[in-house]
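Close look at the chain arrangement
Listed below are the residues making up each chain.
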Amino acid sequence: MPDAAEILLNLLDLEELDRNLYRGIGSGGETPTRIYGGQVIAQALMAAYSTVEDRLCHSLHAYFIRPGDPSKPVIYAVDPARDGGSFTTRRVTALQNGKQILNLAASFHIEEPGWRHQHEIPEVKAPDALVSRDVLLRQLAPKLDSRLRVEFTRERPFEIRDVEPRDPVNPDKCSDINHMWIRMKAAKGATPQLQHVLMAYVSDYGLLGSALRPHGLSFVKGQAMTASLDHAMWFHAPVQFDNWHLYTMDSPFAGGGRGFNRGSIFTQDGQLVASVAQEGLMRPISKSGTTV
């Protein structure tokens, strides 16, 4: 039986149906009831990369339009908008049942010299000094109902170590600043393009949770309807995702049923390799189970 990393890599191996037309698997990602947003972003970026040669993505901008159905495949239609001397632009439409579930625009750039500066990596505990999130979740699992127990004990394709672990069942109100170390050992030897795609997949993991932290909320408490609304990502350098990366996130604002979140991804030695921004739905749910 394939392990979680192999399942993820299979999800990203799209089937070419025709020129600029691809099909991806819907099931097997992070959520059983709807397709995890990072999965659709990653597959859309993979579809775009399939039409681009010798250039790496430097930015992508996506809108989630409808929830994806994990029981059905997703069709990715690539519009080869422009092939320029130094920049290439692609638009990707993800479809299910003839309807759009995501629109993504991505830009690809040749390697060029230029001025350089970056913000410094935050001073946090190193990953070797922290406990894996999987270990912490398995410790909580026996106290939970069967549905959550399965979610808390399932194998994941990547390893996460939270700098300040938080109880997802009974979370306290805390700072919106959220640091986690993350890596995927199975990414070793992957192409630069696939490294970017894997990082795009992970970039949606935990980002919206930053906006939940100041309110003592979590994805498992059942007090908020949550969903990613849009997602933007900028790649600043090639990625080696089999090594530890610090994903540092914060949420400068929440209001009107939405939360705004930002993220910076650093290598362990302090190089900023990617930046992320996202707005997500965080709609209150009443005690009767209906949205307010």
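This text goes with the structure placed above it.
Anyway, here's the lowdown on the structure attached to this text. In this text the structure is predicted, and so the values were computed from the model without any measurement.

Right, let's talk about the layout of surface pockets for a bit. A probe as big as a water molecule, rolled over the atoms, marks out the empty space that is left. For the second largest pocket, the calculated volume is near 780 Å³. Residue lining of the second largest pocket: 23 residues in total, with Glu-112, Arg-116, Phe-235, His-236 and Ala-237 positioned closest to the centre. With three residues, strand S3 (residues 56-64) is the single largest residue contributor to the lining of the second largest pocket.

Here the focus is the packing of aromatic side chains. Applying the stated criterion across every chain yields a total of five aromatic pairs. With 6.4 Å between their ring centres and 75° between their planes, Tyr-36 and Tyr-205 make a pair best called edge-to-face. On the criterion of sequence distance, the pair formed by Tyr-36 in the loop between strand S2 (21-24) and helix H2 (37-49) and Tyr-205 in the loop between helix H5 (192-203) and helix H6 (209-212) is long-range, its members being 169 residues apart. What makes Tyr-36 buried here is its relative accessible area of 7%. The interplanar angle of 75° and the centroid separation of 5.1 Å between the aromatic rings of Phe-158 and Tyr-205 together place this pair among those described as edge-to-face. Here Phe-158 is found in the loop between helix H4 (146-153) and strand S7 (159-162), whereas its partner Tyr-205 is found in the loop between H5 and H6, with 47 residues between them in sequence.

Moving on, we come to the packing of H2 against H5. Here H2 crosses H5 at 160°, and the two axes come no closer than 7 Å. It follows that H2 is roughly antiparallel to H5 by the angle criterion. H2 and H5 meet at a crossing whose hand is right-handed. Every residue of H5 that contacts H2 at Gly-38, Gln-39, Ile-41, Ala-42, Leu-45, Met-46 and Tyr-49 is listed here: Gln-193, Leu-194, His-196, Val-197, Ala-200 and Tyr-201. Here the contact of H2 with H5 is built from residues that sort into nine nonpolar, four polar and no charged.

A separate point is the nonpolar core. Leu-45 and Leu-102 are the most contacted members of the largest nonpolar core, which totals 59 residues. In terms of residues, this core owes the most to one element, H2, which gives nine residues. Counting seven residues, the second largest nonpolar core, distinct from the first, contains Trp-181, Trp-244, Phe-266 and Leu-272.

Before going further, it helps to examine the pairing of strand S1 (residues 15-18). Where S1 lies against S2, three bridges are found, and the strand directions are antiparallel. Bridging across to S2, Asp-18 finds its partner in Leu-21.

The final tally for this structure, using the stated rule, is one cavity of 30 Å³ or more. Space inside the largest cavity adds up to approximately 30 Å³. Lining the largest cavity are Ser-132, Arg-133, Asp-134, Arg-156, Phe-158, Glu-159 and Ile-160. Among the secondary structure elements, those contributing two or more residues to the lining of the largest cavity are helix H3 (133-140) and S7. Here the lining of the largest cavity is composed, by residue class, of two nonpolar, one polar and four charged.

Cut-off values and rules
- Residues numbered from 1 in each chain as written.
- Predicted model: local features only at pLDDT ≥ 70, side-chain atom pairs only at ≥ 80, totals over all residues.
- Heavy atoms only, no water.
- 1 Å grid on protein atoms, 1.4 Å probe; cavity = no way out; pocket = protein on both sides within 12 Å on 5 of 7 lines; lining within 4 Å.
- Points joined across faces, edges and corners; volume = space filled by probe spheres on them.
- Helix = DSSP H or I, 4+ residues; strand = E, 2+ residues; numbered from the N terminus.
- Phe/Tyr/Trp six-rings, centres within 6.5 Å; stacked < 30°, edge-to-face > 60°.
- Buried < 20%, exposed > 50% of the residue type's maximum accessible area, 1.4 Å probe, protein only.
- Axes fitted to C-alpha atoms, helices over the stretch in contact; angles between N-to-C directions.
- Parallel < 35°, antiparallel > 145°, perpendicular 65-115°, else oblique.
- Left-handed = near helix turned anticlockwise from the far one by under 90°.
- Contact = heavy atoms within 4.5 Å.
- Nonpolar A, V, L, I, M, F, W, Y, C, P; charged D, E, K, R; others polar.
- Core = buried A, V, L, I, M, F, W, Y, C linked by side-chain atoms within 4.5 Å.
- Pairing = 2+ DSSP bridges.

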